[in-house]
Structure formats: structure tokens, C-alpha cells
Amino acid sequence: VEISCSGRVEGNVCRWNGGSKSRLYFWGGQICIQNSRGVDVIGNYVETKADDVYPNGITCINQNGRGEGNCGVHGCANLLIERNVIVSPTGSVSGVNYGTAGWSDYSAFLSAGIAWEGNTYHTSRPDEMVWGWHQPDNFGYMAASLTWEAWRAQSKDGGGELVVRHLETFSERHPMAKSVIEAA
């Protein structure tokens, strides 16, 4: 969803799309919201490829210089990312990164209404799961890379869960993988 005043992405299955050029390059997310406001991303099943070098789950990009339109500055605001299942066999990146359009400072970023709630992340490599989020001492074009513990410590993804599984269980032929897909 790019440069939009409102939208809803709900009940989709997004598998093996995208891919990235570098670790925190958020373009290429399975679901990507860029410079949009009033967008809900709810109840989707998102899966990255195990062999992607830099896979991305659900990403929000707030690129500077995208101008203004009917709903004001083209920037990220009033976003809800809720009850999605993000399956990343070997780890992935999710969160907000790239730019500060419409945010004059860190407090403006925090009051932009970007919420992550109740998402479930499946991986075999929790050390390779990263969440992007601006920090008071690192507010600018690039967001900080957070671990699950740091993400949760900042009250992100209330009710969310990180599920660590053996890599073999991500094969489509494995009963556990099938049950995760069907449950989403």
C-alpha cells in the first residue's frame, strides 16, 4: 500500500515474495506499507523463503520527500498491524524504517499512531529476527534494529508471540507447517 489515505489488508496469504538488498532494506516486505495513513493490516499469513538472504515480513516505510496530497503529508500514521502470522524459517525483518516524513521529532513519531498488536512470529533462528523502530537517541532516516526482547520492552506487539521451532518443521510436508497455514 503506497501513498494512500486509508486501506485494509486483511485475510491474505503472502508467501515467498520480495526479498531485500541488505539487512534493513524494508522494500521487499511480504506486505509493505509506504508513506500511507489509516491502513490496517489484520489477520494475514506471511511467509518468507528459508533461502532468502535478507527476508522481510511486514514492513512500514516512511520515505522523506514524497510530497503532500488530499490527506496531508505522505507519511506513515494511524497504522494498525494486528493478528498476523509471520513465518520466517531463518529469520526476517519487520517494523518501521527509512525516513521521518511528517515527523518533526521522536515524540511526533510516537504520537503518529503506529501500532503492532498480537502478531505471531515463527522462526528457527530467533537471533536472526529483527524489528525496526526509531529510538530517541537514533531518530532519523534509519531506525534501530531491535531484538524480540527490546521490541517487547517498548510495549510493541502486546499479546504477540515469538515461536521458535526446528527448521525441519517449516517444510510444507511437515504436519506442523500445514497446521500453521490452516490456522491463519
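Residues numbered from 1 in each chain as written. Predicted model: local features only at pLDDT ≥ 70, side-chain atom pairs only at ≥ 80, totals over all residues. Heavy atoms only, no water.

## A short note on the pairing of strand 4 (residues 37-42)
With four bridges connecting them, strand 1 (residues 7-10) and strand 4 associate as parallel partners. Counterpart to G7 in the pairing with strand 4 is V39. As defined by bridge partners, strand 4 adjoins strand 9 (residues 77-82) across five bridges and the pair is classed as parallel. Its bridge partner lying in strand 9, V41 is registered against I81. (Pairing = 2+ DSSP bridges. Helix = DSSP H or I, 4+ residues; strand = E, 2+ residues; numbered from the N terminus.)

## So, the sheet that holds strand 16 (residues 161-164)
Across the sheet, which stays open at both edges, the five strands sit in the order 2-5-10-13-16 with parallel pairing between neighbours. Of all the strands in the sheet, just strand 2 (13-15) and strand 16 have a single pairing partner and so form its edges. The mean angle between the axes of side-by-side strands here comes to 10°, regardless of whether they run parallel or antiparallel. Here four bridges tie strand 13 (residues 120-123) to strand 16, and the two strands are oriented parallel to one another. Across the sheet, H122 pairs through a bridge with V163, a residue of strand 16. (Axes fitted to C-alpha atoms, helices over the stretch in contact; angles between N-to-C directions.)

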